[in-house]
Amino acid sequence: MSMPIARVNELDCEEFVQIFGNAVEHCSICAAAVWRHSPFNDVYQIYNKTAEFLDQLPISGKEAVLRLHPDLAGKLAISGRLTNESSREQTLSGMLALSETEKEMLERLNTSYKSKFKFPFVICVRENKKKAIFDGIRARLANTPEEETLVGLEEVKKICRLRLLDIVDPGCPKL
Ligand SMILES: NC(=O)NC1NC(=O)NC1=O
C-alpha cells in the first residue's frame, strides 16, 4: 500500500490513526496529535510533525515511548505477538534467526540494558546489520540514562520515517 499525499489529506482523525497509529510503535496518541497538522505537503512533513511531537515530550514521556517497543528477538517475537511492522523489520534484519549463542548473548545484553535504563534497547534494525546491533547495545550500555533516552528516541524517529515511507508515496524524490 503506497498512498498519495492527497488521499492522506482526505482522512479524518479516526482513519488517520487507524493507518498511522503504529508509525511509532503502539503510539496512536502520536498519530492523533500529528493529524491536527493536516493537510500535509508530503510524507516528510508528516515525519517532521511526528518528530516535533516526540521532541516536546517530557523525559518521562520519551521513556514511555521507548517502553512501547518490543525487545529485539524477545518474548513477543518468540511467541509471534509482534506488531506486523515490527515482525517484518525483525525478520528482515535477521534478528529472528539468531543462533542459540547469539540469542543467549542478546538476552544477557537486553537484561543488563533494561536493568540499567528501565526501558528496552531500541535501534532501527532496517538501518543496521546484526553486528552493528550487537555493537550498538554494548556501546550504549555505557551512556547515562539521560543520554540514552535521547539516543533511543532518535532510533524511534528513524523507524517511524521508514514506516511512513512504506505507507505514503513520497512523490518527487527529495533532493
Ligand atoms: N527494540 C527494538 O529496537 N525494536 C525494533 N527496532 C525496529 O527497527 N523495529 C522494532 O520492532
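Residues numbered from 1 in each chain as written. Predicted model: local features only at pLDDT ≥ 70, side-chain atom pairs only at ≥ 80, totals over all residues.

Peer 1: So what exactly am I meant to see when it comes to the overall build of the protein here?
Peer 2: Looking only at helices and strands, one finds ten helices and zero strands in the protein. Reading the protein from its N end, one meets helices and strands in the order α-α-α-α-α-α-α-α-α-α. By its C-alpha atoms, the protein is 50 × 35 × 35 Å across when sized along the principal axes. Per-residue burial for the protein yields a buried fraction of 29% across its 175 residues. Taking the intrachain contacts of the protein between residues at least 6 apart in sequence as the baseline, contacts between residues at least 24 apart amount to 67%. (Helix = DSSP H or I, 4+ residues; strand = E, 2+ residues; numbered from the N terminus. Buried ≥ 20, exposed ≤ 12 C-beta atoms within 10 Å, placed from the backbone. Contact = placed C-beta atoms within 7 Å.)

Peer 1: Even after reading the chapter, I still don't get the nonpolar core, so can you show me in this structure?
Peer 2: The nonpolar side chains of a soluble globular protein tend to be buried with one another. In this structure, Val24, Ala31, Val65, Leu72, Val156, Cys160 and Leu164 are the most contacted members of the largest nonpolar core, which totals 35 residues. Those elements giving two or more residues to this core turn out to be α2 (13–20), α3 (28–35), α4 (43–55), α5 (59–67), α8 (100–117) and α10 (145–167). Apart from the residues lying within four places of it in its own chain, the contact partners of Val24 are Cys30, Thr50, Val65, Val156 and Cys160. (Core = buried A, V, L, I, M, F, W, Y, C linked by C-beta atoms within 7 Å.)

Peer 1: Before we go on, may I ask you to explain the environment of Arg138 in this structure?
Peer 2: Along the chain, the position of Arg138 falls in helix α9 (residues 130–140). Of the residues examined, Arg138 has 13 C-beta atoms within 10 Å and is grouped as partly exposed. When the C-alpha atoms of Arg138 and Asn48 are compared, they prove to be 30 Å apart, with 90 residues separating the residues in sequence.

Peer 1: What is the right way to look at the packing of α2 against α3 in this model?
Peer 2: When two helices pack together, their arrangement is captured by the angle between the axes and the distance separating the axes. In contact at an axis separation of 9 Å, α2 and α3 are set at 135° when each is read in the N-to-C sense. The orientation of α2 with respect to α3, classified from their angle, is oblique. As for how α2 packs across α3, the hand of that crossing is right-handed. For the pair α2 and α3, the contacting residues are Cys13, Phe16, Val17 and Phe20 in the first and Ser28, Ala31, Ala32 and Trp35 in the second. Split into classes, the residues belonging to the contact of α2 with α3 amount to seven nonpolar, one polar and no charged. (Axes fitted to C-alpha atoms, helices over the stretch in contact; angles between N-to-C directions. Parallel < 35°, antiparallel > 145°, perpendicular 65-115°, else oblique. Left-handed = near helix turned anticlockwise from the far one by under 90°. Nonpolar A, V, L, I, M, F, W, Y, C, P; charged D, E, K, R; others polar.)

Peer 1: Where do I start with the site of the ligand in this structure?
Peer 2: Around the ligand sit 15 residues in total, of which His69, Ser86, Glu89, Val122 and Val125 are the nearest. With three residues, the single largest contributor to the shell around the ligand is helix α7 (residues 84–92). In terms of residue class, the shell around the ligand is built from nine nonpolar, three polar and three charged. (Near = placed C-beta within 6 Å.)

Peer 1: Could you clarify how one ought to interpret unusual backbone geometry in this entry?
Peer 2: A negative phi angle characterises most non-glycine residues, just as the trans form characterises most peptide bonds. Residue Pro39 is bonded to the preceding Ser38 through a cis peptide linkage, with omega at 5°. With respect to the secondary-structure elements, Pro39 resides in the loop between α3 and α4. Positive phi, close to 55°, is recorded for His26, a residue that is not glycine. For His26, the location among the structural elements is in the loop between α2 and α3. Residue classification places His26 among the partly exposed residues on the basis of 15 C-beta atoms within 10 Å. Phi is positive for Lys118, which is not a glycine, with a value near 65°. Mapped onto the elements of the fold, Lys118 is located in the loop between α8 and α9.

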